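Letter by letter, the chains look like this.
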Amino acid sequence: MLRRCFGMAMKYIDIGANLTDPMFQGCYGGTQKHEPDLHIVLERAWQQGLQKIIVTAGCLKDVDEALELASKDERIYTTVGTHPTRCEEFVPDPEGYYDQLRSRIKANRTKVLAVGECGLDYDRLQFCGQETQRVYFEKQLELAVEFKLPLFLHMRNAAEDFMSILERNRDKIEECGGGVVHSFTGTLEEAQRILAFGGLYIGLNGCSLKTEENAEVVRKLPNDRIMLETDCPWCGIRPSHAGHKHVTTKFPTVKKKEKWTAESLIDGRCEPCQISQVLESIAGIKQEPKEELAALYYQNTLDLFFGTAESKE
């Protein structure tokens, strides 16, 4: 039985959790370090106040695993799409690959909440070139329009091309209901361009809170355009992060993966339950009550992803 260590939990939705990552099966770098523990990770999340989790899918394999997971729990949903660093998967048979994404959405209307993770990532061009990323980012916008789904967007070191694609597809973005630029780590100017576009939110996690520059951007973001995420098993808030000094929720942690226990988190592996730390960090940076921010961010997420959930069947 897991302990609930930390008082009354507020209500959260994690908009970006990579629950299909092998780390949640106890596998790190291809080596099994401990038994699969996703069921324990999820129990800990529900105990901490998570009401819903949206699994991030970045390729067809992720999609199928995420849909299998979502089918077992009414609180779990998923995106369907192809991450910019994985867009080479389109190349051998672009239409065939697109049709496979399309078929997954069509067959799972109540579980698929967004098209994505899609966008541009110019930091990791060793996995996929710029032109291929641009072509298949734009192609995936057609899925969002067809199924009237919002977008779960990725932008890394590619603001100019990213915004250019959004601008020339403004009608499509409006038709699909907007979206969220997740795991935002950009400048204030980039954030302002995103928000000025209309219909777009910004997702914040531990990587959004690393530096004092990041914190200053977060401080100036309007609360009605913010959503919370963990991007687990990545993007936890580390002691070296600027936002760490505001974190009050502490979890038992083991330093070595081999020392895993059901009661403890593994140092360096983020979990959905740590979304409370993201909220605390933002609240501390903004110097606003975390309870009020939690309610606002929760409602923002309901508005974008769940506002038409009853009509998707």
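Residues numbered from 1 in each chain as written. Predicted model: local features only at pLDDT ≥ 70, side-chain atom pairs only at ≥ 80, totals over all residues. Heavy atoms only, no water.

> Would you explain the nonpolar core in this entry?
If you look at soluble globular proteins, the nonpolar side chains tend to sit buried side by side. By size, the foremost hydrophobic cluster in this structure holds 81 residues, and its most contacted members are Leu19, Phe137, Leu151, Phe162, Phe184 and Ile282. Filtering out sequence-adjacent residues up to four positions away, Leu151 remains in contact with Val115, Cys118, Leu141, Ala144, Ile173, Cys176, Gly178, Gly179 and Val180. (Core = buried A, V, L, I, M, F, W, Y, C linked by side-chain atoms within 4.5 Å. Buried < 20%, exposed > 50% of the residue type's maximum accessible area, 1.4 Å probe, protein only. Contact = heavy atoms within 4.5 Å.)

> Can you walk me through the packing of aromatic side chains in this structure?
The description of two aromatic rings rests on the distance between their centres and on the angle between their planes. Throughout the structure, instances matching the rule amount to 4 aromatic pairs. Each ring, one from Phe90 and one from Tyr97, has its centre 4.6 Å from the other, and the planes form 55 degrees; the classification is tilted. A residue is classified by how much of its surface remains accessible, and Phe90, at 0% relative accessible area, is buried. On the basis of an interplanar angle of 5 degrees and a centroid distance of 4.4 Å, the ring pair of Phe90 and Tyr136 is categorised as stacked. Of this pair, Phe90 sits in the loop between β5 (76-80) and α3 (94-106) while Tyr136 sits in helix α4 (residues 130-147), and the two are 46 residues apart along the sequence. One aromatic cluster is present, built from ring pairs that chain together Phe90, Tyr97 and Tyr136. Taking the ring centre of Tyr201 as reference, the NZ or CZ of Arg225 above it sits at 4.1 Å. A cation over a ring is seen here: Lys257 above Tyr28, with NZ or CZ 5.2 Å from the ring centre. (Phe/Tyr/Trp six-rings, centres within 6.5 Å; stacked < 30°, edge-to-face > 60°. Helix = DSSP H or I, 4+ residues; strand = E, 2+ residues; numbered from the N terminus. Lys NZ or Arg CZ within 6 Å of the ring centre and 35° of its normal.)

> I tried to follow unusual backbone geometry on my own but got confused; where do I start?
Backbone phi values are negative for most residues with the exception of glycine, while trans is the configuration of most peptide bonds. Geometrically, the link from Gly116 to Glu117 is a cis peptide bond, its omega value of 10 degrees lying close to zero. Along the chain, Glu117 falls in strand β6 (residues 112-121). Pro233 follows Cys232 through a cis peptide bond whose omega is 10 degrees. Of note, Pro233 is situated in the loop between β10 (226-228) and β11 (253-254). At Lys148, a position not held by glycine, the phi torsion is positive, near 55 degrees. By the secondary structure assignment, Lys148 is in the loop between α4 and β7 (151-156). Of note in this structure, Gln287 is not a glycine but carries a positive phi near 55 degrees. Secondary-structure assignment places Gln287 in the loop between α9 (275-286) and α10 (290-306).

> Help me out: how do you make sense of the UniProt feature "binding site: a divalent metal cation 1" (unreviewed entry) in the protein chain in this one?
UniProt marks Glu117 and Asp231 with the feature "binding site: a divalent metal cation 1" (unreviewed entry), using the numbering shown here. In terms of the greatest pairwise C-alpha distance, the residues named above, spread along 115 residues, form a tight cluster of at most 11.6 Å across. Note on Glu117: relative accessible area 5%, which makes it buried. With sequence-adjacent residues up to four places away left out, Glu117 is seen in contact with Thr56, Ala57, Thr79, Gly81, Thr82, His83, Pro84, Phe152, His154 and His182. Of note, Asp231 is situated in the loop between β10 and β11. Its relative accessible area of 10% is what places Asp231 among the buried residues. Apart from residues no more than four positions distant in its own chain, Asp231 is found in contact with Asp14, Gly16, Asn18, His182, Ser183 and Asn205. In this structure the side chain of Asp231 is engaged in a polar contact, spanning 2.9 Å, whose partner is the side chain of Asn18. (UniProt positions renumbered as here; feature names shortened; annotations may be inferred. Polar contact = N/O pair within 3.5 Å; in protein donor to acceptor, adjacent residues only side chain to side chain.)

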